[in-house]
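Report on the structure
So the chains spell out like this:
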Amino acid sequence: MAAPTTSPAHPSGGAGPRPGPAARGWPAVAAVTLGIFAIVTTEILPIGLLTGIGAGFAVSDGMAGLMMTMPGLLAALSAPLVTVASARVDRRLMLCTFTALLAGANFLGAAAPDYWIVLASRVVVGVVIGGFWSIGASLAERLVPAPAVGRARTVIFSAVPLGSVLGVPAGTLLGDLAGWRTAFAALGALAVGVLVMLLVFVPPLPPTRTTRLHVLRGMLRGVNTRFALVLTVLIVLAHFGAYTYVTPFLEQVTDAGPRLVTGLLLVYGAAGIAGNFLGGALVARRPRATFGLVAAVIAAATLLLPVLGRWQFGAAALLVLWGVAYGAVPVASQTWFAKAAPHAPEAAAVLFTASFQATISVGALAGGVAVDQASPSAVMTLGGGTAVLAAVAVWMHRARRLTWPDGT
């Protein structure tokens with residue numbers, strides 16, 4: 001690692017020499033990563049507890065799926081609005097504010113006497129996702145030296161599969177043992193711990209580039225940005241339209257009990273961690289090939305689940321493939337946006353967050369309608385067909401011989 005240097009992007013706020021990114025970077029990266037881990041786990045925890053929460057409030061699986069729809073919708077709206085409104089506010093202060101809100105939302109959900117209170121807490125979660133992600137996803141270049149930015153970005157985005165491999169199975173197991181309210185309360189406590197880490201390890205981060213709405217509108221004129229939006233929408237729609245209802249599928253089609261469901265989610269998440277680091281290593285050099293392969297594997301896994309997922313071994317094998325492929329999606333998508341707008345990393349992160357979260361909302365809602373009107377198997381088939389469209393979009397980008405501003 002390079003020796004510590006003085007950097008105007010990392011003022012200490014006091015007199016004397018200011019620590020450079022190498023001096024304070026990796027603990028700060030860890031704090032941001034844990035913040036995203038807490039957010040991701042909070043967002044997708046209902047996937048593992050869906051049937052239990054639904055039964056507790058006497059609502060259908062599709063209605064319970066609104067716990068996924070609400071955060072995605074609010075995150076998509078808040079990502080540009082909050083980022084623009086707070087454009088001149090220290091980014092460290094904003095991260096701490098969002099983390100405090102996350103803790104409060106989880107405690108509110110844990111104590112909710114009515115399902116609509118749970119949904120209200122999920123609205124707050126959505127605002128947190130939109131704000132924290134938009135800021136945190138673009139901080140790697142401000143926290144570590146330039147040669148380590150790619151590695152730091154991969155570490156930060158590893159929080160997504162870590163939320164699946166550690167957060168959701170652990171929360172599901174805790175929910176099975178002590179009730180789903182205990183799982184949400186534990187996430188509230190985790191958010192409090194993350195807040196302390198952010199206060200201790202992250203240096204003051206005054207905004208270096210002011211993100212305005214006209215900057216976001218200008219980015220949308222670029223053909224590469226539009227392709228990044230199309231790819232993100234299709235692949236996230238395919239994934240969350242199907243994965244939100246993977247627990248009902250495993251219970252009804254695979255005939256898996258609670259412990260096996262937890263184990264299969266753990267297997268999926270472990271594969272996702274591997275996919276995150278594998279994708280992070282590949283996407284910088286071959287972004288099109290990586291994204292195309294990811295879409296094809298997700299398509300194959302979800303289309304085959306209704307056939308081979310009737311057996312426990314088949315379900316486990318396909319979840320491994322699915323996990324590896326989806327683990328690469330967040331870092332691959334963010335890389336496409338970053339390559340399309342290298343001059344405006346925070347604006348690129350805003351578009352990435354808004355499109356990602358809006359599609360989670362739409363996917364969970366569409367999957368909820370399908371699972372209530374048809375079956376969990378139908379949801380998997382619809383997800384697979386959408387992933388095929390994502391692979392076609394990657395092929396179209398290559399066929400048009402488009403390049404990014406860096407010439408790749």
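Residues numbered from 1 in each chain as written. Predicted model: local features only at pLDDT ≥ 70, side-chain atom pairs only at ≥ 80, totals over all residues. Heavy atoms only, no water.

What the protein contains, in helices and strands, is 18 helices and zero strands. Across the 408 residues in the protein, those meeting the buried criterion constitute 57%. Pairs at least 24 apart in sequence give 84% of the contacts found in the protein among residues at least 6 apart. Of the roughly 15300 Å² of accessible surface on the protein, 70% is carried by carbon and sulfur atoms. (Helix = DSSP H or I, 4+ residues; strand = E, 2+ residues; numbered from the N terminus. Buried < 20%, exposed > 50% of the residue type's maximum accessible area, 1.4 Å probe, protein only. Contact = heavy atoms within 4.5 Å. Areas by Shrake-Rupley, 256 points an atom, 1.4 Å probe, with all protein chains shown as cover.)

One broad rule of soluble globular proteins: the nonpolar side chains tend to lie buried together. Trp-133, Leu-250, Ile-298, Trp-322 and Tyr-326 are the most contacted members of the largest nonpolar core, which totals 125 residues. Top contributing element to this core by residue count: helix H1 (residues 21-57), with 16 residues. What Leu-250 contacts, discounting residues up to four positions off in sequence, is Asp-255, Ala-256, Val-261, Leu-264, Ala-315 and Leu-319. (Core = buried A, V, L, I, M, F, W, Y, C linked by side-chain atoms within 4.5 Å.)

All right, on to helix H3 (residues 66-85) then. Helix length check: H3, at 20 residues, gives a terminal C-alpha distance of 28 Å against a target of 28 Å (1.5 Å per residue), a fit within 8%. At Ser-78, H3 shows its largest bend, some 40°, and a proline, Pro-80, comes one to four positions later. Of all 20 residues in H3, 15 are buried; the element is thus mostly enclosed. (Expected span 1.5 Å × (residues − 1). Bend = angle between axes of the 7 residues up to and from the residue.)

Taking 1.5 Å as the rise per residue, helix H5 (residues 115-136) with 22 residues should run 32 Å; its terminal C-alpha atoms sit 31 Å apart, in good agreement. The buried fraction of H5 amounts to 16 of the 22 residues, a majority that puts the element mostly inside the structure. At the N-terminal boundary of H5, the capping side chain belongs to Asp-114, with an oxygen 2.8 Å from the backbone nitrogen of Trp-116. (Polar contact = N/O pair within 3.5 Å; in protein donor to acceptor, adjacent residues only side chain to side chain.)

Turning next to a nonpolar patch on the surface. On the surface, Phe-107, Val-192, Val-196, Leu-199, Val-200 and Phe-201 cluster together into a nonpolar patch covering about 500 Å² of accessible area. Among the elements that make up the nonpolar patch, the one with the highest residue count is helix H9 (residues 180-201) (five residues). Locating Val-192 in the fold gives a position in helix H9. Its relative accessible area of 38% is what places Val-192 among the partly exposed residues. (Patch = residues over 30% accessible without salt bridge, like charges linked within 9 Å, V, L, I, M, F, W, Y side chains within 5 Å. Salt bridge = Lys/Arg side-chain N within 4 Å of Asp/Glu carboxyl O.)

Bringing the packing of aromatic side chains into the picture now. One pair of aromatic rings is described through two measures. These are the centre distance and the angle between the planes. Under the defined criterion, the tally for this structure stands at eight aromatic pairs. A ring pair is formed by Phe-240 and Tyr-326, whose centres lie 5.9 Å apart and whose planes are at 90°; its orientation type is edge-to-face. Of the two residues, Phe-240 sits in helix H11 (residues 223-243) while Tyr-326 sits in helix H15 (residues 312-327), which places them 86 residues apart along the sequence. Take Phe-240 and Tyr-326: they sit in the same class, and that class is buried. Look at Tyr-268 and Trp-322: their rings are 6.3 Å apart centre to centre, the planes differ by 85°, and that puts the pair in the edge-to-face class. With Tyr-268 in helix H13 (residues 258-283) and Trp-322 in helix H15, this residue pair connects regions lying 54 residues apart in the sequence. The two residues Tyr-268 and Trp-322 agree in class, both being buried. Following the ring pairs from residue to residue traces out a cluster consisting of Phe-57, Tyr-115, Trp-116, Trp-180 and Phe-184. (Phe/Tyr/Trp six-rings, centres within 6.5 Å; stacked < 30°, edge-to-face > 60°.)

One non-glycine residue, Asp-255, lies in the positive phi region at around 60°. Tracing the sequence through the fold places Asp-255 in the loop between helix H12 (246-252) and H13. Overall, Asp-255 belongs to the exposed group, its relative accessible area being 61%.

Mean pLDDT over the protein works out to 82, with 89% of the residues at or above the 70 mark. Confidence scores differ between elements of the protein, with helix H10 (residues 213-219) showing the lowest mean pLDDT of 68 and helix H4 (residues 91-111) the highest of 95. The model gives residues 1-23 a pLDDT under 50, and that stretch makes 41 contacts with residues more than four places away or in other chains. (pLDDT = per-residue confidence, 0-100.)

Between H13 and H15, the shortest axis-to-axis distance is 6 Å and the interhelical angle comes to 35°. In this structure, H13 meets H15 at a crossing whose hand is right-handed. On H15, the residues touching Leu-260, Leu-264, Val-267, Tyr-268, Ala-271, Gly-272, Gly-275 and Asn-276 of H13 are Gln-312, Ala-316, Leu-319, Val-320, Trp-322, Gly-323, Val-324, Tyr-326 and Gly-327. For the contact of H13 with H15, the class distribution of residues is 11 nonpolar, six polar and no charged. (Axes fitted to C-alpha atoms, helices over the stretch in contact; angles between N-to-C directions. Left-handed = near helix turned anticlockwise from the far one by under 90°. Nonpolar A, V, L, I, M, F, W, Y, C, P; charged D, E, K, R; others polar.)

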